[in-house]
Each structure stands twice: as structure tokens, then as C-alpha cells.
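# Overview (structure and organization)
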Protein chains: 2
Amino acid sequence: MATRTDAPTRREQILKEAARLFAERGFHGVGVDEIGAAVGISGPGLYRHFAGKDAMLAELLVGISESLLTGAKRRLSEAEAAGVAPEAVLDSLIEGHIDFALDDRPLITLHDRELDRLRDADRKLVRQLQRQYVELWVGAVRRLYPGLTEPAARSAVHSVFGLLNSTPHLTRPGSLPDRAGTAELLHRMARGAFAAAAES
Amino acid sequence: MATRTDAPTRREQILKEAARLFAERGFHGVGVDEIGAAVGISGPGLYRHFAGKDAMLAELLVGISESLLTGAKRRLSEAEAAGVAPEAVLDSLIEGHIDFALDDRPLITLHDRELDRLRDADRKLVRQLQRQYVELWVGAVRRLYPGLTEPAARSAVHSVFGLLNSTPHLTRPGSLPDRAGTAELLHRMARGAFAAAAES
DNA sequence: CCTTCAGGTTAACGACCGCTAACCTCCCTG
DNA sequence: CAGGGAGGTTAGCGGTCGTTAACCTGAAGG
């Protein structure tokens, strides 16, 4: 156990830079030499840490999907234990997703953009994790708005994801105004969108 | 002038298929041979119609940006002429954007995904058109909700674009339930999101 | 009927890219 | 102090991709 977050390992450095580059120029638009250069080694040195370029993307996408899902599960079980109201449960999910979207912008971008570049097995896994995550949201939404049909709730959830994942477009590089304000605005809009979806 | 929409020209066929392929697999992930094959000719035959692969993407992105902007301008001037209420103006913008997002899914996907693959001049042009489009929305939103600051309104507009542009994720290929229902749901959610953004 | 040209074809070139091979250091450990 | 593995390096191979060159063809027009 570390006193701090432990100096980032080489693998983590590589993953972080690869995520940034993939998000900026697309998976096929980035060469392994560029990824290497971004961490100070060059080209084939990456193969000491990853089996290939595909493996980096796979690890990024599986990682983000798992992280989103386990975070949501934790929040739901905590909420259930505390016996809070349905509104607070949904609020907690929204808050978690916003934190993620604001803190890991490149990953959020990759998440719904480069999924098809994965090998079949990895793509299936990621899709399954994503589906579970969506279903957690659908359940929380329908507990708060029982009038919503399941397909409508699912559509609404996907649309709110689109809203929350728009953060990469929000900030021209350099001018992120204040994180807290942006988070609160997004939160209000997400709740408003769900409420509007539920009105007849 | 034609009795119907005139049989699509070769150029239009090519653009349509290229848009679909680019949206599916990314600009760098599609080869010119595949685009050619999709319209029944093969590979280099495309160069009778376009200067290169880049030119196809440029024409697609400029076309969509112009189309969105002119559509919005037309709707705004019509609304002004009719002297309708601010709510109806925003509704008209929302409706236009939804129509576009539902009818030209691949283009909506490309629009915010492959912009950086353009030559400098084209990218500047597209960005300028997009900015104008956003500003039309910001104006309409602030006329309806004068309490919103301009940065807040702009963020809200970008977020609602994210919501509306989520349509490609909504329909697993083949099962689009009913267009009208989806459009109405999206419309309600967009309005709800704006209203929530405006509440303190 | 001959010409021309739009719209194709195939062959091939040059560049680039992912990846492997072969080799070179340190540093840690017995 | 040997030695061995972790983590680099450069050279280069094989394949792919965008693009060009050279050639073909069928239909329209004078």
C-alpha cells in the first residue's frame, strides 16, 4: 500500500497517452511510433508492455466499461443500504457519470467511438458491460418514473448519456471555466431531461 | 426541373456510401477500394469524381454544416415573420435538428467525429459554420430564458446537441421502433433539459 | 463515320505502418 | 562478481493504402 497514488507505472503512462492520442486522431490515425514518443520511448519499445496496438485499445475500453459499471453498482448498493429515495439514487448515478466524463474525457470519447475496432471477443465483453450499466440506469429511472415504458426509459438513458458525454465539446482546450459549475449544469439538465421524458 | 428528385448522380451515390462507411469504421479505417465497391465501381475509378479521399470527407462535412445552418436560418426568419413566441422558435430549431439527426445518421456521426481529419482550410470553414449554427441556438435559448448567461447557454446548447445526436446509439440496426415517437421523446427531453438549465 | 470524351479498367509505385529480430545495456540477486 | 532478465535500441520485413499512369469502351455530335 502506498502513501500516495504510487508513481504511475510505464503501462499506465502509455495507456494514458494512447487514450489521448486515440481520442484526438482516431485509432487508425495514430501510429505506434507516436504513442512511444509521447512517453519518451520509441516505437517498438511499446511491445515490452503490450501485445500490440489493439491490446492497448482493448485494455482502455474494457477498463472504462468495468470502471463505470462497478462504480454504478457500488453507488446503488450504498443507496439501497441507506434506504434513500429514488430521486437520490438517480442523482447518485448522474453524479458518478459526470465525474467520469469530466475527469476522463479521452476515455469517454473512445468509449462510443472506437468500439468497432476491437477483436470480436473484446468487443462482446465491452458491449456486455455497457449493457449492464445501461440496465442499472434503466432500473433507477423506472423506479423514479414508473409511467415510463422500458423502451422509452432505455432511449432516455442513451440520450442522457449523449448529453453528459458532450463534455469534450464543451471546453475549447484551455478554458474550462469551473468544474463545479459545469457539473451542476449538466446534472440539472440530465434530471430535467428525464423528468420531461416521463411527462406523458 | 424534375418530376421527382432526379435519379441520384454518381457523385451523390459515392458521397452517401462514403458517409456510411466513414461513420461505421472511421475515415482512416475505410479504403478507397471499399468505397468504390459500395457503388459498383472499383478503387481508382473514384478519382473521376473526386480529387481524393480527403475531398469526399470535406464535401460531406461542409455540406452538412451548411445544410444545418441554412435550415436554421430559414426557420428563424420564418418564425420572425410570423411573430411567434420564443418557445415556438426554439421548438422549430429542435424539430429541424431532430429531423436531420434521424434522417442522416451517418452524417451526424461524422460531423463531430472526423472534423480533425480535414485540411486546414476546410476545417476552418466547417468550424465557422458550426459556430454560426450554435450562435443561432444560443440566441433563441436566451430569448426564451433571459436568466441564462451566455456561457451557460452555450454549454447547454452543446449538451442538447449531444442529447439529440445520440440517435445513432438508440436503434440497434434494424429495430427503429417508430420515428415519430422517438422524435417526440427527444423533443420533450431537449426542452426539459433547457428548462432545467435555466432554473437558477 | 469518325471523333471525342466521360467514365471506367488494371498495373504499379511510393509511402507508411504494425510488428519482429537482433542486439545492447543496466540493475538486481545469489 | 557472474549472470540474467527487464526494458530499451535500430534495422528491416511484409502488407496495405492513396494515388497516378496508361489503356479501354460506348455513346453522343457534327
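Every value quoted in this text rests on a predicted model; they were computed, and no experiment measured them. Residue numbers restart at each chain and count upward from 1, following the sequence in its written direction. Ligands are numbered from 1 and chains lettered from A, in the order in which they are written. In keeping with the predicted nature of the model, local features appear solely for residues at pLDDT of at least 70, side-chain atom pairs appear and are counted solely at 80 or more, and the whole-chain, interface and lining totals rest on all residues. Think of the side-chain values as coming from all heavy atoms in the structure, minus any hydrogens and water.

### What to know about the packing of helix α7 (residues 150–164) of chain A against helix α9 (residues 179–198) of chain A
Residues and elements named next belong to chain A. Fitting a line to C-alpha atoms yields each axis, with helices limited to the stretch in contact; the angle taken between N-to-C directions then spans 0 to 180 degrees. To qualify as a helix, a DSSP run of H or I must reach at least 4 residues; to qualify as a strand, a run of E must reach at least 2; elements of each kind are numbered from the N terminus. Packing of α7 against α9 leaves a shortest axis separation of 10 Å and a crossing angle of 160 degrees. The pairing of α7 with α9 is recorded here as roughly antiparallel in orientation. In this structure, the crossing between α7 and α9 has a hand that is right-handed. Here A156, V157, V160, L163 and L164 of α7 lie close against α9, whose contacting residues are L186, M189, A190, A193, F194 and A197. Each angle receives one of four descriptions, namely roughly parallel if under 35 degrees, roughly antiparallel if over 145, roughly perpendicular if within 65 to 115, and oblique otherwise. In this scheme, a crossing is called left-handed if the near helix is turned counterclockwise away from the far one by less than a right angle; it is called right-handed if the turn is clockwise. Note on contacts: a residue pair is in contact if any heavy atoms of the two residues lie within 4.5 Å.

### Points about the relation of the copies chain A and chain B
For the pair chain A and chain B, the superposition axis carries a translation of 0.0 Å, the fit reaches an RMSD of 0.0 Å, and the rotation angle comes to 180 degrees. Here the transformation between the copies is reduced to the relation of a two-fold axis. Least-squares fitting of one copy onto the other uses the C-alpha atoms of those residues that reach a pLDDT of at least 70 in both copies.

### Quick word on the nonpolar core
Judged by nonpolar contacts, the single largest core of 127 residues is most densely connected at W137(A), F194(A) and W137(B). Excluding residues within four positions of it along the chain, W137(A) makes contact with L90(A), L93(A), I94(A), H97(A), V157(A), V160(A), F161(A), L164(A) and F194(A). For our purposes a nonpolar core is just a set of buried Ala, Val, Leu, Ile, Met, Phe, Trp, Tyr and Cys residues, chained together by side-chain atoms within 4.5 Å. Only protein chains enter the accessibility calculation, which uses a 1.4 Å probe; a residue whose area is less than 20% of its type maximum is buried, one above 50% is exposed, and one in between is partly exposed.

### Description of the packing of aromatic side chains
Aromatic pairing here means that ring centres of Phe, Tyr or Trp (its six-membered ring) are within 6.5 Å. Orientation follows from the plane angle: under 30 degrees is stacked, over 60 is edge-to-face, and everything else is tilted. Taken as a whole and assessed by the stated rule, the structure comprises 10 aromatic pairs over all chains. Centroid distance W137(B) to F161(B): 5.0 Å. Interplanar angle 80 degrees. Geometry classified as edge-to-face. Residue W137(B) is found in helix α6 (residues 120–144), and its partner F161(B) is found in helix α7 (residues 150–164); the two are separated by 24 residues along the sequence. Since its relative accessible area comes to 0%, W137(B) is described here as buried. Residue classification places F161(B) among the buried positions, given a relative accessible area of 9%. Ring plane angle 40 degrees and centroid distance 6.3 Å describe the contact between W137(B) and F194(B), whose orientation is recorded as tilted. Of this pair, W137(B) sits in helix α6 while F194(B) is found in helix α9 (residues 179–198), placing the two residues 57 residues apart along the sequence. Each member of the pair W137(B) and F194(B) is classed as buried. Taken together, Y133(A), W137(A), F161(A) and F194(A) form an aromatic cluster joined through their ring pairs. Across from the ring centre of F27(A), 4.4 Å away, lies the NZ or CZ of K53(A), which sits over that ring. We count a charge as sitting over a ring when the NZ of a lysine or the CZ of an arginine lies within 6 Å of the ring centre and within 35 degrees of the ring normal.

### Considering the environment of A197(A)
In this structure, A197(A) sits in helix α9. A197(A) sits 66 residues away from R131(A) along the chain, and the two C-alpha atoms are 21 Å apart. Discounting chain neighbours no more than four positions away, the residues touching A197(A) are L148(A), A156(A), L185(B), R188(B) and M189(B).

### Thoughts on the environment of V84(A)
Residues and elements named next belong to chain A. With respect to the helices and strands, V84 occurs in the loop between α3 (53–82) and α4 (86–103). With 66 residues separating them along the chain, V84 and A18 place their C-alpha atoms 40 Å apart. The residues touching V84, leaving out its near neighbours within four places in the chain, are A79 and V89.

### Notes on the protein's contact with DNA strand D
R10(A), R48(A), H49(A), Y47(B) and K53(B) are the nearest of the 15 residues found near DNA strand D. Identification of polar contacts relies on pairs of N or O atoms within 3.5 Å, with a donor-acceptor requirement for protein atoms, meaning one able to donate a hydrogen and the other able to accept it, and with residues adjacent in sequence counted only if both atoms are side-chain atoms. Residue V30(B) places a main-chain N or O atom 3.2 Å away from a phosphate oxygen belonging to DNA strand D. Here the term charged refers only to Asp, Glu, Lys and Arg, the term nonpolar to Ala, Val, Leu, Ile, Met, Phe, Trp, Tyr, Cys and Pro, and the term polar to all other amino acids, Gly among them. For the surface near DNA strand D, the per-class residue count stands at 6 nonpolar, 5 polar and 4 charged. Nearness is judged by heavy atoms alone; a residue qualifies as near a molecule or strand once a single heavy atom is within 4 Å of it.

### Description of helix α1 (residues 10–25) of chain B
Residue and element names in this part refer to chain B. To estimate the expected span of a helix, count its residues, drop one, and scale the result by 1.5 Å. Along its 16 residues, α1 runs 22 Å from first to last C-alpha, staying within 8% of the 22 Å computed at 1.5 Å per residue. If you check which residues of α1 are buried, you get I14, L15, E17, A18, A19, L21, F22 and A23. Tucked inside the fold, the buried residues of α1 contact α2 (32–38), α3 (53–82) and α5 (105–111). Taking the backbone nitrogen of R11 as reference, a side-chain oxygen 3.1 Å away marks T9 as the first, capping residue of α1.

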